[in-house]
There are 2 protein chains.
Amino acid sequence: MEFKTQLMNYVELVNKKLNEYFPMIDTTNKNLFDAMAYSINAGGKRLRPVLMLAAYNLFREDTETPLPYCCGIEMIHTYSLIHDDLPAMDNDDYRRGKPTNHKVFGEGLAILAGDGLLNYAFEIMLKDALTHKDTRPFTQAIYEISTAAGVNGMIGGQVVDIESENTLIDGSTLDYIHLNKTAAMITASLKAGAIMAEAKETDIKNMEVIGRSLGLAFQIKDDILDIIGDKGKLGKDIGSDMDNNKSTYPSLYGLEYSQSRVRELTEEIEIILNSYGNKSGFLRDLGIYLMEREC
Amino acid sequence: MEFKTQLMNYVELVNKKLNEYFPMIDTTNKNLFDAMAYSINAGGKRLRPVLMLAAYNLFREDTETPLPYCCGIEMIHTYSLIHDDLPAMDNDDYRRGKPTNHKVFGEGLAILAGDGLLNYAFEIMLKDALTHKDTRPFTQAIYEISTAAGVNGMIGGQVVDIESENTLIDGSTLDYIHLNKTAAMITASLKAGAIMAEAKETDIKNMEVIGRSLGLAFQIKDDILDIIGDKGKLGKDIGSDMDNNKSTYPSLYGLEYSQSRVRELTEEIEIILNSYGNKSGFLRDLGIYLMEREC
């Protein structure tokens, strides 16, 4: 199947499943669900769920089994964006061209919508895990996601990121932020997919190595687009990192080195994926697609 | 063993285990861990962990097995207090006589410390679940906790609570708030304890009934203390519900009826617990202790 078709198929599967978790019914907590659904449906690329599906499909053929966990990781990613955008954090009014959650629903509800999404993610994943005869691989996958999202992963990275604003940081601190804030969840997507497919330890380890490189490449590319990207395509102002005095890969190492680093990391991924033959074509193409993206 | 001694023993076990999760070491994320530990060590009664231990001990004798989950539910309870106190929510400067988290660490870090505690709770519980040969009862216990803490439990109750400020609500809305914001987590503590002890379905159902009554009684007593309590003992201003135009049991039904309702609910609990004989003495005494408490 052509790459773009497969990508659309995966995204469609995830969106359909996400809709099941946000039915349009009038509950006592309509406002809370509306606020949660608003950010879930605000135009995310579904990168993490797609990675999870693709990693699972390296080892097993069905697409049904990992879907609750794909939705779980997307909910966790979404909550982190809602909280990141709050006035007490990055204080952003727009994301992907739409008003941020707190601009629409107010700060109090935005905080609770974020809390709600994080908690709901665990709820739906745990509920699904209990439907399987052997709960272990699924409990293991949820654990993998929880550590990546947590204090020694995404949240930890976000704290150091906030603390580093308006200060000149070194390369190792920048790597810490990128590896924890971004790469950890990308790695967990790939690893959780492989774990649910009961892949071998060496394969799970390969997913970890790929995730780290892909996550770093993804974040460096983000930083590059913040300088040379197209505002219309990105749906947000460019130059915001510079305005916020944020240290980035381009600001520390220059644009040219940053671009060659993205290429280098993408090649590292390809080398590992090649050992899986044709089955890994989609993931290889996805790496190139992310490297060449304009938004 | 005398009730107070047993209570102190349980609290001591929980505090010791909590300390293991917050070691005093210098990590990259020292500030985040400091903020999380500050609220964990801010004088909580450890009610939910104690209930979990007591429910577990109705069916099994060891105290080691449920401890990670006791810590997990205390972390979730603590995160909810940190977020509740934020300026965008209740805007409280003091809790239990100490400055609230955001007054000490700032709003951004307080939000992330709350997120961190919620996520860390799942992380430590899932990690423990994987150490057991049969992960199912433990995954089931975590699921029970997650639904109680979530959008159809504690978070849902909190949203309706915030939306109800400055409006006159009816008894059924007040019950919705109390049952979700407070009773759900108390019920989950008891149920999760019984589930981990692999108690029978009827016993788990009994824990649910007890939890609902105990949770309601606990919240009504809280509302009563907000009117007739002693500021020094409570560690916070009294009359704050009235100042915030919050509808409470006493404001809707009067103080006398509220007090008799607490007694009635406590008696309902006793009737069920009596069927467990001597083993349930601690939980019976705890019900009375909570009914008679002055803070």
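In this report, the structure presented in the accompanying data block is examined. These numbers were taken from a predicted model, which means no experiment stands behind them.

What counts, and where the lines are drawn
- Residues numbered from 1 in each chain as written.
- Chains lettered and ligands numbered in written order.
- Predicted model: local features only at pLDDT ≥ 70, side-chain atom pairs only at ≥ 80, totals over all residues.
- Heavy atoms only, no water.
- Salt bridge = Lys/Arg side-chain N within 4 Å of Asp/Glu carboxyl O.
- Helix = DSSP H or I, 4+ residues; strand = E, 2+ residues; numbered from the N terminus.
- Buried < 20%, exposed > 50% of the residue type's maximum accessible area, 1.4 Å probe, protein only.
- Contact = heavy atoms within 4.5 Å.
- Buried area = accessible area lost by both parts, 1.4 Å probe.
- Polar contact = N/O pair within 3.5 Å; in protein donor to acceptor, adjacent residues only side chain to side chain.
- Nonpolar A, V, L, I, M, F, W, Y, C, P; charged D, E, K, R; others polar.
- Least-squares fit on C-alpha atoms with pLDDT ≥ 70 in both.
- Axes fitted to C-alpha atoms, helices over the stretch in contact; angles between N-to-C directions.
- Parallel < 35°, antiparallel > 145°, perpendicular 65-115°, else oblique.
- Patch = residues over 30% accessible without salt bridge, like charges linked within 9 Å, V, L, I, M, F, W, Y side chains within 5 Å.
- Areas by Shrake-Rupley, 256 points an atom, 1.4 Å probe, with all protein chains shown as cover.
- Core = buried A, V, L, I, M, F, W, Y, C linked by side-chain atoms within 4.5 Å.

### A short note on the pattern of salt bridges
Turning to step 1, where the next piece is worked out: Tallying each qualifying case throughout the model produces 28 salt bridges over all chains.
Turning to step 2, where the next piece is worked out: One salt bridge connects Lys17 of chain B with Glu20 of chain B, and the closest N-O pair in it is separated by 3.4 Å. Here the residue Lys17 of chain B and the residue Glu20 of chain B both occupy positions in helix H1 (residues 3-21), the gap between them amounting to 3 residues, near one helical turn.
Turning to step 3, where the next piece is worked out: The class for Lys17 of chain B is buried, based on a relative accessible area of 13%.
Turning to step 4, where the next piece is worked out: Across the pair Lys30 of chain B and Asp34 of chain B runs a salt bridge, and its minimum N-O distance is 2.7 Å. Placement of the pair is Lys30 of chain B and Asp34 of chain B together in helix H2 (residues 30-40), with a separation of 4 residues, close to one helical turn.
Turning to step 5, where the next piece is worked out: Owing to a relative accessible area of 29%, Asp34 of chain B belongs among the partly exposed residues under this scheme.
Turning to step 6, where the next piece is worked out: In this structure, a network of salt bridges that share partners links the residues Asp84, Asp161, Lys181 and Lys246 of chain A.

### Things to note about the interface of chain A and chain B
Turning to step 1, where the next piece is worked out: Facing 49 residues of chain A, the contacting portion of chain B comprises 49 residues.
Turning to step 2, where the next piece is worked out: A buried area of about 4200 Å², summed over both sides, lies between chain A and chain B, and 67% of it is on carbon and sulfur atoms.
Turning to step 3, where the next piece is worked out: Between the two partners, chain A and chain B, sit 0 salt bridges.
Turning to step 4, where the next piece is worked out: Summed over the shared surface of chain A and chain B, the number is 18 residue pairs in polar contact (both at pLDDT 80 or more).
Turning to step 5, where the next piece is worked out: Taken together, the elements giving at least two residues each to the side of chain A that touches chain B come down to helix H2 (30-40), helix H4 (67-85), helix H6 (107-129), helix H7 (136-149) and helix H8 (154-164) of chain A.
Turning to step 6, where the next piece is worked out: Here the side of chain A that touches chain B takes 15 residues from H6 of chain A, the largest share from any one element.
Turning to step 7, where the next piece is worked out: Tallied by class, residues from the side of chain A that touches chain B come to 25 nonpolar, 17 polar and 7 charged.

### Looking at the relation of the copies chain A and chain B
Between the two copies of this chain, the relationship is a rotation about some axis together with a displacement along it.
Turning to step 1, where the next piece is worked out: Taken as rigid bodies, chain A and chain B are interconverted by a rotation of 180° and an axial shift of 0.0 Å, the fit giving an RMSD of 0.0 Å. Viewed as a symmetry operation, the transformation between the two copies matches a two-fold axis.
Turning to step 2, where the next piece is worked out: Most of the interface of chain A is mirrored in chain B, where 100% of its interface residues are also at the interface.

### Let's talk about the packing of helix H1 (residues 3-21) of chain A against helix H15 (residues 281-292) of chain A
A pair of packed helices is captured by two measures, namely the crossing angle of their axes and the spacing between those axes.
All names here are of chain A.
Turning to step 1, where the next piece is worked out: Relative to each other, H1 and H15 sit at 95°, their axes nearing to 10 Å. By the angle class used here, H1 and H15 are roughly perpendicular. Residues Phe3, Lys4, Gln6, Leu7 and Tyr10 of H1 touch H15, and the partners they reach there are Phe282, Asp285, Leu286 and Tyr289.
Turning to step 2, where the next piece is worked out: Grouping the constituent residues of the contact of H1 with H15 by class yields 6 nonpolar, 1 polar and 2 charged.

### Some remarks on a nonpolar patch on the surface
Residue and element names in this part refer to chain A.
Turning to step 1, where the next piece is worked out: A surface patch of nonpolar side chains, about 290 Å² in accessible area, is lined by Ile227, Ile228 and Met242.
Turning to step 2, where the next piece is worked out: With respect to the secondary-structure elements, Ile227 resides in helix H10 (residues 201-228).
Turning to step 3, where the next piece is worked out: By relative accessible area, Ile227 is classed as partly exposed at 33%.

### Considerations on the nonpolar core
Turning to step 1, where the next piece is worked out: In this structure, Met75 and Ile76 of chain A together with Met75 and Ile76 of chain B are the most contacted members of the largest nonpolar core, which totals 167 residues.
Turning to step 2, where the next piece is worked out: When near neighbours in sequence (up to four residues on either side) are disregarded, Met75 of chain A contacts Leu18, Tyr21, Phe22, Ile40, Leu117, Tyr120, Ala121 and Ile124 of chain A.
Turning to step 3, where the next piece is worked out: Membership of the second largest hydrophobic core comes to 14 residues, among which are Ile177, Leu179, Leu216 and Tyr249 of chain A.

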